[in-house]
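# Fold and geometry: a report
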Amino acid sequence: MEKIVLIGAGGHCKVIIDIIKSTNKYEIIGITDNEKKGYLLDIPIIGNDDVLSDIYSKGVKNAFICIGALNDMKIREKIFNNLKSIGFKLPILKHKNSIVSLYAEIGEGNCIMAGAIINAGARIESNCIINTASIIEHDCKIGFNCHISPNASIGGNVTIGHNSHIGIGSIIIQNVNIGSNVTIGAGSVVINNIDNDKLVVGIPGKVKKYKK
Ligand SMILES: CC(C)(COP(=O)(O)OP(=O)(O)OC[C@H]1O[C@@H](n2cnc3c(N)ncnc32)[C@H](O)[C@@H]1OP(=O)(O)O)[C@@H](O)C(=O)NCCC(=O)NCCS
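Residues numbered from 1 in each chain as written. Predicted model: local features only at pLDDT ≥ 70, side-chain atom pairs only at ≥ 80, totals over all residues. Heavy atoms only, no water.

For the structure shown, the criterion picks out four salt bridges. Residue Asp 42 is joined to Lys 21 by a salt bridge in which the shortest nitrogen-to-oxygen separation is 2.9 Å. A residue pair is termed long-range when its members are at least 10 positions apart, and Asp 42 in the loop between strand E3 (39–40) and strand E4 (43–47) and Lys 21 in helix H1 (residues 11–23) qualify at 21 residues. Given a relative accessible area of 49%, Asp 42 falls into the partly exposed group. (Salt bridge = Lys/Arg side-chain N within 4 Å of Asp/Glu carboxyl O. Helix = DSSP H or I, 4+ residues; strand = E, 2+ residues; numbered from the N terminus. Buried < 20%, exposed > 50% of the residue type's maximum accessible area, 1.4 Å probe, protein only.)

Structure, rendered in structure tokens:
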């Protein structure tokens, strides 16, 4: 089994641990966290992010970001860049009970959780969270470092820019373009294109505020 280190000992990390154990492909050597100490589930917290270079030089070549950032996706982007500069490989973690088309393209560092479905022609760039029971329909293009929350449904041929968060239980109808650094509130229904840097809520989804 290859060794892997996890970053961020919060609730999202517990779900990632489950996925890793379900695949039987990686041995988790520990979790880094800038605040917490002790254990998360049965995995030791081995220090803050300063120990990552040392861990890499000792032969652990895989890492995974376990922070489920919601409103500020840039935190995950920063950690991704740090891990890549050290040299880590970020694998694709896919729960055994998720469904991913043979005709979908999935970038590095993506985590595809239980019950998620990704259909043919979809392309998901690196470092995204495709959360529990979310649906990415055919031909969607999802940019770098997006979070598709549990039970969100993204209709066919939707595009989403980078660093965007699609809230829990929301619906994006087919052919809509959503920009970068966008947040879609829980339970919203998006029927129109959304520009960069917007927070959108409601049914139908309306811009509530600018995020910049
Ligand atoms: C949209 C969201 C990010 C807003 O958070 P926020 O920036 O802290 O904004 P506030 O809570 O101050 O709300 C701002 C306004 O939007 C409204 N609002 C917030 N979320 C809403 C939602 N999901 N649907 C409808 N209206 C919403 C609030 O009532 C408030 O309205 P007001 O200004 O008229 O009083 C948050 O409510 C949300 O839905 N997050 C998604 C959570 C999620 O997906 N979790 C997944 C975990 S895995």
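One open sheet accounts for eight strands, arranged E6-E9-E12-E15-E18-E21-E23-E24; its pairing is mixed. Here the strands that pair on one side only, and so sit at the sheet edges, are strand E6 (93–94) and strand E24 (206–210). Note: strand E18 (residues 165–166) against strand E21 (residues 183–184), two bridges, orientation parallel. By the bridge assignment, Ile 166 is partnered in E21 with Ile 184. (Pairing = 2+ DSSP bridges.)

Attention shifts here to the environment of His 165. Its location among the elements puts His 165 in strand E18. Relative accessible area serves as the criterion here: at 8%, His 165 is assigned to the buried category. Along the sequence, His 165 and Lys 78 sit 87 residues apart, while their C-alpha atoms lie 16 Å from each other.

Looking now at unusual backbone geometry. A cis amide bond, omega -10 degrees, links Ile 203 with the succeeding residue Pro 204. Structurally, Pro 204 is set in the loop between strand E23 (198–201) and E24. At Asn 157, a residue that is not glycine, the phi angle is positive and equals roughly 65 degrees. Looking at the element boundaries, Asn 157 is found in the loop between strand E16 (153–154) and strand E17 (159–160). Asn 157 sits in the partly exposed class, given a relative accessible area of 37%. Although it is not a glycine, Asn 163 sits at a positive phi angle of roughly 60 degrees. Here Asn 163 is to be found in the loop between E17 and E18.

This structure, assessed with the given rule, holds zero disulfides. In this model Cys 13 remains outside any disulfide bridge; the closest cysteine sulfur is found in Cys 66, 3.9 Å from its own. Judged by relative accessible area, Cys 13 falls into the buried class, the value being 0%. (Disulfide = S-S within 2.5 Å.)

Right, let's talk about the sheet that holds strand E11 (residues 123–124) for a bit. Ordered by their spatial adjacency, five strands build an open sheet running E8-E11-E14-E17-E20, and the pairing between neighbours is parallel. The open sheet has two edge strands with one neighbour each: strand E8 (105–106) and strand E20 (177–178). Here two bridges tie E17 to E20, and the two strands are oriented parallel to one another. Along E20, the bridge assignment pairs Thr 159 with Asn 177.

Burial in H1 covers these residues: His 12, Cys 13, Ile 16, Ile 17, Ile 19 and Ile 20. Looking straight down H1, one finds its buried side chains confined to an arc of 165 degrees; they lie on one side. Looking at H1, the residues exposed on the side facing more than 90 degrees away from the buried face are Gly 11 and Asp 18. Just downstream of H1, Asn 24 is the residue with a positive phi angle, here 60 degrees. (Arc of directions from axis to C-beta.)

By themselves these figures say nothing about function.
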